[in-house]
Amino acid sequence: RETNMYLSKDSCSLGPHELYFKKLSKRKNQVMEKNGNNRKLRVCVATCNRADYSKLAPIMFGIKTEPEFFELDVVVLGSHLIDDYGNTYRMIEQDDFDINTRLHTIVRGEDEAAMVESVGLALVKLPDVLNRLKPDIMIVHGDRFDALALATSAALMNIRILHIEGGEVSGTIDDSIRHAITKLAHYHVCCTRSAEQHLISMCEDHDRILLAGCPSYDKLLSAKNKDYMSIIRMWLGDDVKCKDYIVALQHPVTTDIKHSIKMFELTLDALISFNKRTLVLFPNIDAGSKEMVRVMRKKGIEHHPNFRAVKHVPFDQFIQLVAHAGCMIGNSSCGVREVGAFGTPVINLGTRQIGRETGENVLHVRDADTQDKILQALHLQFGKQYPCSKIYGDGNAVPRILKFLKSIDLQEPLQKKFCFPPVKENISQDIDHILETLSALAVDLGGTNLRVAIVSMKGEIVKKYTQFNPKTYEERINLILQMCVEAAAEAVKLNCRILGVGISTGGRVNPQEGIVLHSTKLIQEWNSVDLRTPLSDTLHLPVWVDNDGNCAAMAERKFGQGKGLENFVTLITGTGIGGGIIHQHELIHGSSFCAAELGHLVVSLDGPDCSCGSHGCIEAYASGMALQREAKKLHDEDLLLVEGMSVPKDEAVSALHLIQAAKLGNAKAQSILRTAGTALGLGVVNILHTMNPSLVILSGILASHYIHIVKDVIRQQALSSVQDVDVVVSDLVDPALLGAASMVLDYTTRRIH
């Protein structure tokens, strides 16, 4: 497979950064091979001047050789059509390309205003051309103001743009224009690894970046074998020898025109003093070029015996001239880019190419007050031969570019995407973010532990705190206040907006007043306790309180399997047995807040004693306390443990030991679990016959051990009209905490409770 990183290295010698880019390039090659279009790709190549045509021509030739894949339209504009700049459109015709459109877009004046007016004129004329041609993609080169007009027009007319030579850094206004075109372009062909990294740093999609090398190098690297002496003699005279002349090409710097004209004047003075035959090319059409031409004529360059001043040299011939020159001087990008392929010495003047990557053949003269510094540079550089540089290409750019063009999927969305690095956005006023950060403090008062949690609107437990539940009222209420204050402070750091406090507790609760009326025996000193007032006064937040069974039902309604159901019942199977009833989407409390005490449904008139004072209740059979009681009886009679089991002396026998024994084949333990499950199943049958819910949810640590027995009892004992009601195990991890939170979140955000 062809790689698009033409600077090949053995993988084992690459650093981490280079390996990263190699992996990205491999992924991109896979994308390129996958894509493809079922019809010819209509490509519009727009060229503005002699310099960009030297880069675009190799691509155009490549497109022309594959008519089965491409249709080529050529648009010529800019200085190509101006006589003073050589009417360079003729060389396009000589290359046998059909020019579809000629656009006169240059407003003469060669100053800043003329450049702006030229861009405006191009923007006025281009829409008609693009409407007529309707290209699939437009190829735009470089950083000229004409190219900016082309890219702007294509982008606004929803035409895909392939930008050549993006990501490079030079100097002056060219950088700004180049990067502006990058932002408008959909695809990028860059010449160096640094340029590729710059494009990625500019948030361009790496899958749409091709590191191909400079297209002009495809011609440069095979140019030296041609007959060059006839070309040298034609432009510089019959008496000139190879390596004994200079090529000078200097353009105005549009951000500092006066200084660039001064540098040009000093350059000409130095060249006159150096006294070598010199080919001087006229500057481009940028603002300041008219003044530079005046300097040339003032110094008599056009008539000086050592100088040949020309407006244009065909690129093929220009290659031969710079390849065999003793030195090139000026500030053209050609000097720091293409000339390196031949090892010709270059003197780069001023700031126009200040950021370009250069080979060792380039000597920089950043500034000069007199001709002396430039003259010294000429003495240092003239006649040297440097190693050939391949920084900008290896001669295989065009095949890579054609392959890249074929990979473009015209079915992909036209809107380009930018790959921004992750940043912390200021989204505090975004409604989705506000809803995500709305949270509640949830408190669960269990028989053993006291838990406080920050719970989000989505039911995520952001942070949880657990302490042993103290035995006395004073210690317990102080610990609740302390844990809630700490959690509220932590919520601020976590960017959670606490809306209120919800408390889940065992026993009978008056939710309207926030008072625990009667607690279970598991929580001592917990009768007639006002929980709302002390928490509300301390935290300055609204407080809701309810029974743990009711909270489990509310958790299922908001976050669990009861979401969206009108009627369902939740049964908690834990240390005790509790539950909650949702009827017509509302929680049923009852006239004395005693509804859904499902653990105290009587399923046997002569059953075991229950903690409520009665006997034969579901809780007396199926609660964790009931199973623990039966496990102790078996253990005392040495009937609990089977092979593979042990109970350390310092560990109390629990319901879990009974369950473990049943799993290991203890018949008596299995019988106890079956009886407990049957009692629970009979209770569920009574619920079905009384409430006729659409769903029964078993919650708590014992639910999964009872579910199958409960379903068997329903099939055997329930009326046929309710046998289809589904019984499921809850998938909520902390129903008590989630239910406590749901009281807060439902009431404060939807005003439903």
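Per an unreviewed UniProt entry, the protein goes by Bifunctional UDP-N-acetylglucosamine 2-epimerase/N-acetylmannosamine kinase and derives from Chinchilla lanigera. In the Subcellular location (unreviewed entry) part of its UniProt record, the protein is described as follows: "Cytoplasm, Cytosol". Checking UniProt for the protein, the heading Pathway (unreviewed entry) contains the comment "Amino-sugar metabolism; N-acetylneuraminate biosynthesis."

Q: Give me the lowdown on the packing of aromatic side chains, citing residues and values where you can.
A: A complete count under the given rule lists 7 aromatic pairs for this structure. With a centroid separation of 4.8 Å and 50° between ring planes, the pair formed by Phe61 and Phe97 is classed as tilted. Residue Phe61 is located in helix 2 (residues 50-64), and its partner Phe97 is located in the loop between helix 3 (89-94) and strand 3 (99-103); the two are separated by 36 residues in the primary sequence. On the basis of relative accessibility, which here comes to 30%, the residue Phe61 falls in the partly exposed class. Judged by its relative accessible area of 4%, Phe97 is buried. Look at Tyr473 and Trp526: their rings are 6.1 Å apart centre to centre, the planes differ by 45°, and that puts the pair in the tilted class.

Q: Got a sec to walk through the packing of helix 2 against helix 15 (residues 397-407)? Specific residues and values, please.
A: Each packed pair of helices is defined by two parameters, the angle between the axes and the distance between the axes. Interhelical geometry of helix 2 versus helix 15 gives an angle of 60° and a closest axis separation of 10 Å. When the interaxial angle is binned, helix 2 and helix 15 end up oblique. Here helix 2 runs over helix 15; the crossing is right-handed. Along its contact with helix 2, which presents Pro58, Ile59, Gly62 and Ile63, the element helix 15 presents Val398, Ile401, Leu402 and Leu405. Class assignment of the residues belonging to the contact of helix 2 with helix 15 gives a composition of 7 nonpolar, 1 polar and no charged.

Q: Lay out the environment of Met91 with the relevant residues and their values.
A: If you trace the backbone, Met91 turns up in helix 3. By relative accessible area, Met91 is classed as buried at 10%. The spacing of Met91 and Pro314 is 223 residues in sequence and 7.1 Å in space, taken between C-alpha atoms. Among all residues touching Met91, those that are not within four sequence positions of it are Arg50, Tyr53, His80 and His312.

Q: Would you mind going over the side chain of Thr101 in detail, with residue names and values included?
A: Structurally, the position occupied by Thr101 is in strand 3. Taking relative accessible area as the criterion, Thr101 reaches 7% and is therefore assigned buried. A distance of 2.6 Å separates the side chain of Thr101 from the side chain of Arg132, its partner in a polar contact. Setting aside anything within four residues of it in sequence, one finds Thr101 in contact with Val74, Val75, Val76, Val129 and Arg132.

Q: Explain the pattern of salt bridges residue by residue, including any values.
A: Going through the model one piece at a time under the given rule, you end up with 37 salt bridges. In this structure, Arg337 engages Glu168 in a salt bridge whose closest nitrogen and oxygen atoms are separated by 2.5 Å. With a gap of 169 residues between them, Arg337 in the loop between helix 13 (333-336) and strand 12 (346-349) and Glu168 in the loop between strand 5 (160-164) and helix 6 (172-184) connect regions that are remote in the sequence. The partner of Lys558 in a salt bridge is Asp746, with the nearest N and O atoms 3.1 Å apart. A residue pair is termed long-range when its members are at least 10 positions apart, and Lys558 in helix 19 (residues 548-559) and Asp746 in helix 25 (residues 735-750) qualify at 188 residues. Take Asp746: its relative accessible area is 2%, and that puts it in the buried class. The network of salt bridges with common partners includes Lys55, Asp143, Glu165, Glu168, Asp175, Arg178, Arg337, Glu338 and Arg356.

Q: Please set out a negative patch on the surface residue by residue, giving values where relevant.
A: Negative charge collects at one region of the surface, where Asp111, Glu112, Glu117 and Glu291 lie side by side. The residue Glu112 is located in helix 4 (residues 112-133) in this model.

Q: For unusual backbone geometry, give the residues involved together with the corresponding values.
A: Notably, Glu525 is not glycine yet its phi reads approximately 50°, a positive angle. The backbone phi angle of Phe593 is positive, close to 60°, even though this residue is not glycine. Counting through the fold element by element, Phe593 comes out in the loop between strand 24 (586-587) and helix 20 (618-622).

Q: Kindly report on the pairing of strand 4 (residues 137-141), identifying the contributing residues and their values.
A: Buried residues dominate strand 4, accounting for 5 of its 5 residues. Side chains of strand 4 alternate between two faces, with Ile137, Ile139 and His141 and Met138 and Val140 buried alike. Of the strand pairs in this sheet, strand 4 and strand 5 are connected by 5 bridges, and their pairing is parallel. Each bridged residue has a counterpart across the sheet, and for His141 the counterpart in strand 5 is Ile164. For the crossover that starts at strand 4, traverses helix 5 (residues 145-156) and ends in the parallel strand 5, the hand is right-handed.

Q: Pulling in residues and values, what's your account of the sheet that holds strand 19 (residues 515-518)?
A: Ordered by their spatial adjacency, 3 strands build an open sheet running 18-19-20, and the pairing between neighbours is antiparallel. Looking at strand neighbours, the two that pair on one side only are strand 18 (508-510) and strand 20 (529-530), the edges of this open sheet. Relative to strand 19, strand 18 runs antiparallel, the two being bridged by 3 bridges. Along strand 19, the bridge assignment pairs Asn510 with Ile515.

Q: Please provide a residue-by-residue account of the pairing of strand 5, values included.
A: The buried fraction of strand 5 is high, at 5 of 5 residues. The side-chain alternation of strand 5 yields two buried faces, one formed by Arg160, Leu162 and Ile164 and the other by Ile161 and His163. In this structure, strand 5 lies alongside strand 6 (residues 187-190), joined through 3 bridges in parallel fashion. Paired with Ile164 across the two strands is Val189, which belongs to strand 6.

Q: Could you give an account of the sheet that holds strand 13 (residues 362-365), naming the residues involved and the relevant values?
A: Strands sit in the order 10-9-8-11-12-13 across an open sheet of 6 strands; the sheet is parallel. The sheet is open, and its two edges are formed by strand 10 (307-310) and strand 13, each paired on a single side. Between one strand axis and the next, the sheet turns by 20° as a mean value, whatever way the strands run. Along the sheet, helix 12 (residues 315-323) makes contact with strand 8 (245-249), strand 9 (277-281) and strand 11 (327-330), crossing strand 8 at roughly 125°.

Cut-offs used in this document
Here the residue index of a chain counts from 1 through its sequence in written order. Given that this is a predicted model, residues contribute local features only at a pLDDT of at least 70 and side-chain atom pairs are listed and counted only at 80 or more, while totals for whole chains, interfaces and linings are drawn from all residues. Hydrogens are left out, water is left out, and the side-chain values use all remaining heavy atoms of the structure. UniProt positions are given in the numbering used here, feature names are shortened, and annotations may be inferred rather than shown by experiment. Only the six-membered ring of Trp is used, alongside the rings of Phe and Tyr, when aromatic pairs are assigned; centres must lie within 6.5 Å, and planes under 30 degrees apart are stacked while those over 60 apart are edge-to-face, with the rest tilted. What counts as a helix is a DSSP run of H or I of at least four residues, what counts as a strand is a run of E of at least two, and both are numbered from the N terminus. Note on classification: 1.4 Å probe, protein chains only; a residue is buried when its accessible area is under 20% of the maximum for its type, exposed when over 50%, partly exposed between these limits. Between the N-to-C directions of two axes lies an angle of 0 to 180 degrees, each axis being a line fitted to C-alpha atoms and, for a helix, fitted only over the stretch in contact. Roughly parallel means an angle under 35 degrees; roughly antiparallel, over 145; roughly perpendicular, 65 to 115; everything else is oblique. Two helices crossing with the near one rotated counterclockwise from the far one by less than a right angle form a left-handed crossing, whereas a clockwise rotation gives a right-handed crossing. Contacts: residue pairs with any heavy atoms within 4.5 Å of one another. When residue character is reported, Ala, Val, Leu, Ile, Met, Phe, Trp, Tyr, Cys and Pro are called nonpolar, Asp, Glu, Lys and Arg charged, and the others, Gly included, polar. Any pair of N or O atoms that falls within 3.5 Å is considered a polar contact. Within protein, one atom must be able to donate a hydrogen and the other to accept it, and sequence-neighbouring residues count only if both atoms are side-chain atoms. Here, a salt bridge means any side-chain nitrogen of Lys or Arg that lies within 4 Å of a carboxyl oxygen of Asp or Glu. Patches draw on residues past 30% relative accessible area with no salt bridge. Two like charges within 9 Å are joined, as are two nonpolar side chains (Val, Leu, Ile, Met, Phe, Trp, Tyr) within 5 Å. To be clear on the numbers: accessible area is Shrake-Rupley with a 1.4 Å probe, and residue cover counts the displayed protein chains and nothing else. In summary, the charge assignment counts Lys and Arg as positive and Asp and Glu as negative, without counting His or the chain termini. A charge is said to be at NZ when it belongs to Lys, at CZ for Arg, at CG for Asp and at CD for Glu. If DSSP finds at least two bridges between two strands, the strands pair. Seen with its strands pointing away from the viewer, a crossover is right-handed when the path leading from the first strand over the helix to the second is clockwise.

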